[in-house]
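# Chains, contacts and geometry: an overview
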Amino acid sequence: MLASPQYIPGWLPVLVALRYYMGHMNTNKTCTISSASSEETEQIGEQIGRQLKGGEIIELVSDLGGGKTTFVRGLAKGFGSSDTVASPTFTVSKEYIAGSKRVAHYDFYRLHDAGLLQFELAESVSDPDTVVVVEWGDIVRDVLPDTRMTIHITATDSDSRSLKLTIPGEYNYIHVS
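All of the points below concern the structure found in this document. Quantities reported herein were computed from a predicted structural model and do not represent experimental measurements. (Residues numbered from 1 in each chain as written. Predicted model: local features only at pLDDT ≥ 70, side-chain atom pairs only at ≥ 80, totals over all residues. Heavy atoms only, no water.)

Relative to strand E6 (residues 149-155), strand E2 (residues 57-61) is paired through four bridges, and the arrangement is parallel. Counted as the bridge partner of Ile 58 is Met 149 from E6. Pairing of E6 with strand E7 (residues 161-167) involves six bridges; the strand directions are antiparallel. Across the sheet, Ile 151 pairs through a bridge with Leu 165, a residue of E7. (Pairing = 2+ DSSP bridges. Helix = DSSP H or I, 4+ residues; strand = E, 2+ residues; numbered from the N terminus.)

What follows is the structure, given as structure tokens:
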């Protein structure tokens, strides 16, 4: 009969270390916010934008007309940009300047392959002064870092939205109320 680990000399420190090792734990926080109007969706984006430092990656997941651009309008404003925010669906990317920093907004909806845009995205992702917002990010999944905020926007009726935010532990300075 094999001895159980608690009776093997020297195993106790290993068992204690394994028990308290937290490297595998998920430190993401998840919250869901309801928005009754496009104005509220924009305000939620603005609240988050005010807390950003630059270097954050945000993936937006929603159906067409779900409120992604409305959210980004608020986010860019909160981050300090006075630029006009418009959907990049036909241009694929837009940039909004906020002092010495910027918001890079990508929309890969119409593309089946990211092509050279994946290199532009990778450059933006690596810039600590750029907040990167990606819509329809499935085709650039290999370029997006694991550490990113994901926001699922779901229409609950014609004006109302539910926003489910998954915020990584590395972005623990972002709080939404």
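Glancing now at the sheet that holds E2. Read from one edge to the other, the open sheet built from seven strands follows the order E1-E7-E6-E2-E5-E4-E3, with strand pairing classed as mixed. Two strands bound the open sheet, and with one partner strand each, they are strand E1 (29-35) and strand E3 (93-98). Ignoring which end each strand starts from, the neighbouring axes of this sheet average 15 degrees apart. Relative to strand E4 (residues 101-107), E3 runs antiparallel, the two sharing six bridges. Looking across to E4, one finds that Ala 98 is bridged to Lys 101. Strands E1, E6 and E7 of the sheet are contacted by helix H2 (residues 38-51), whose axis makes an angle of about 145 degrees with E1. (Axes fitted to C-alpha atoms, helices over the stretch in contact; angles between N-to-C directions. Contact = heavy atoms within 4.5 Å.)

In short, the description is geometric, and any link to function would need to be established separately.
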